[in-house]
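For reference, the chains in residue letters:
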Amino acid sequence: MQEKPIRFGTGGWRAVIGSDFIESNIRRTAEGICALMCEEGRTDKPVIIGYDHRFLSETAARWIAEVLAAHGVPVMFLRRSAPTPLIMHTVLRQGLHYGIEITASHNPSCYNGVKLIVEEGRDAPVETTARLEQLIAAVRPEDVRDMPFEDAESAGLILWQKNPFNAFIDDILSVMDLPAIREHGARVLFDPMFGSGTYPLLVILCTARCTVDMIHNTRDAHFGGNLPAPTVKGLGELRNRVTTGGYELGIAFDGDGDRLGIIDRTGRYLSANEILVMLYWYLHEKKGWRGPVVRNLATTHMLDVMAASFGEVCYEVPVGFKYISSKIDEVDAVLGGESSGGLTVRGHIHGKDSVYASSLFVEMLFVTGKSAGKLLSELQEKYGTTDTIKIGMIMLPSNESWHQRDLGALDVLAEEKYSNIEVVNEWSWDSTGAVTPSATISTWLAADANKELRAIWCAWDGAAFEGLVLTGESRPEIMYTGCDGGEECWNYMINYPESFIMSAGESIYNMPRSLVQYSQSYNE
């Protein structure tokens, strides 16, 4: 039987555990990585391998280590799980050629994956992953070499890491205003969402003399039955506990610690856009870090207004964090980020890091002496609010089930008064009609010369798929939501993590509210 091709997206290779994420494919991937290293002449340094809390993560890390060891490549191995930012930081600080993290980030628990990190702690560029895919495809089962893990240890090819978090934590502590935080004595509630980002932030906050309580801090490969994503929908328990427990702040990470969610003392969810705006203001105006800022196409233009007031420039790049990190280096920007929850700061790693971002956020609050909500309100009064989200809605009145979602979504928009969401296109599709969803979306795009359309609601998965085909390359900032489907729908959500949101198994009453909130939190 022919092996299924292994494809690397922006977050690496991700696949369903037990279906495609299986031992033979994982070892094939490792063999391909070895071939890439040999082809590039970069076998002279060890490779660090990290892993998150998902099912099979540590085992997969060992399988990859066995293949690398069989090729004589030393492997830096950890005795505990680690967030992706730590692996990036180690590659950067130790001058390694490669690092590997076993993770599927914020995706459902049935998935796992392999993320390749290259020199300077960067996400592997498209050119590298494209070549890697070719090399993996050429690997035959008999080509895969391996050395039992215990034999690799005996041969000195497994380099167990002692205190691997120290340098990462110390680099963050070295730029923080610890006296200001210690003076305040903050109470923080931390939700790592059963992920691997717990330890470093806990150490940093405790070093700053914060009182830290935690929820969902044990290992649970099913993530409590939820997505390990710090969205407004996923942080209901954190919100309730922050407000009832009298905490000054709630902090949440995704499964591998590179995406951030914040709840303020009143229970208000702070979106990634708002966090970006607040941190840029703080770093520039309070810490004196001069320089521009970088955002992607789907991120708030409030950064542009703020940067202009500072005499700086806000640079816009395509969707994809590699473009943000590259632009930060090019223009020496203070920070850069995206509306889906990731950011990084000048002088740190070249990828998303919620540990550093949340540490700076805590510092900001206690240096300014203001709550997150009050500070944000002051900034919005001065620089304006986040942008209006313009969405198009493909309605399906000919199907009762689908149309219930449509009506529910319109009711939520009307009743809950999302002032920053505007329905600018609406079309009712009859499955027997001559005009297809793709033709309608094409018309919308042709009329959207200023690229203001940010989301498209499609209660039927097929309509969303047609739209993705049209906009996947040309308009990657457009998000599709409203869907509730089967395997194909799940695959699209995994392959287009920045552009496709669905909600499965919810009632027709809850689904519209959830999906509107997804859209709002994604685009705010």
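The structure we're discussing is the one just above.
Here's what I pulled together on the structure shown here.

This paragraph deals with the environment of V313. By the element assignment, V313 lies in the loop between α11 (302–309) and β14 (314–317). Under the relative-accessibility criterion, V313 is labelled partly exposed at 42%. Beyond its immediate sequence surroundings of up to four residues, V313 is in contact with P292, V293 and A307.

It is worth spelling out the packing of aromatic side chains at this point. Tallying each qualifying case throughout the model produces 9 aromatic pairs. Pairing F77 with W160 gives two aromatic rings, centres 5.5 Å apart and planes at 85°, and the pair type is edge-to-face. Placement of F77 in strand β3 (residues 75–77) and of W160 in strand β7 (residues 158–160) is noted, with a sequence separation of 83 residues between them. For F77, a relative accessible area of 0% puts it in the buried group. Each member of the aromatic cluster is reached from another via a ring pair, and the members are Y51, F77, F149 and W160. Across from the ring centre of F149, 4.2 Å away, lies the NZ or CZ of R62, which sits over that ring. R79 extends its terminal NZ or CZ atom over the ring of W160, reaching a point 4.3 Å from the ring centre.

This part is about the nonpolar core. Burial of nonpolar side chains together is a common tendency in soluble globular proteins. Of all hydrophobic cores here, the largest spans 69 residues; its most connected members are I251, M278, L279, Y280, L335, F361 and L379. Setting aside chain neighbours within four positions, we find L379 in contact with V277, M278, W281, M302, M306 and G384. Grouped together as the second largest cluster of nonpolar side chains are 43 residues, C34, M37, L68 and F149 included.

This brings us to the sheet that holds strand β15 (residues 335–337). Across the sheet, 4 strands lie side by side as β14-β13-β15-β16; this open sheet has mixed pairing. Looking at strand neighbours, the two that pair on one side only are β14 and β16 (343–345), the edges of this open sheet. The mean angle between the axes of side-by-side strands here comes to 15°, regardless of whether they run parallel or antiparallel. Looking at chain direction, strand β13 (residues 293–296) and β14 are connected through 4 bridges and run parallel. In the sheet register, R295 faces β14, and the bridge partner there is E316. Contacts from helix α12 (residues 321–331) reach β13, β14, β15 and β16 within the one sheet, and its direction differs from that of β15 by about 165°.

Calculation rules
- Starting afresh in each chain, residues are numbered from 1 along the sequence in its written order.
- Where local features are concerned, this predicted model is filtered to residues with pLDDT of at least 70; where side-chain atom pairs are given and counted, the filter is 80 or more; whole-chain, interface and lining totals use all residues.
- With hydrogens and water stripped out, all remaining heavy atoms of the structure feed into the side-chain values.
- Runs of E in the DSSP output that reach at least two residues are strands. Runs of H or I that reach at least four are helices, and both are numbered from the N terminus.
- For each residue, the accessible area found with a 1.4 Å probe, counting protein chains only, is set against the maximum for its type, and the residue is called buried under 20%, exposed over 50%, and partly exposed in between.
- Contacts are assigned to residue pairs with any non-hydrogen atoms lying within 4.5 Å of each other.
- Aromatic contacts are taken between Phe, Tyr and Trp rings whose centres are within 6.5 Å, Trp giving its six-membered ring; a plane angle under 30 degrees counts as stacked, one over 60 as edge-to-face, and the others as tilted.
- The criterion for a charge sitting over a ring is simple: Lys NZ or Arg CZ within 6 Å of the ring centre, and within 35 degrees of the ring normal.
- To qualify as a nonpolar core, a set must consist of buried Ala, Val, Leu, Ile, Met, Phe, Trp, Tyr and Cys residues joined through side-chain atoms within 4.5 Å.
- Here the rule is simple: two strands pair whenever DSSP picks up at least two bridges between them.
- For helices, the fitted line uses only the C-alpha atoms of the stretch in contact; every axis is such a line through C-alpha atoms, and the angle between N-to-C directions lies from 0 to 180 degrees.

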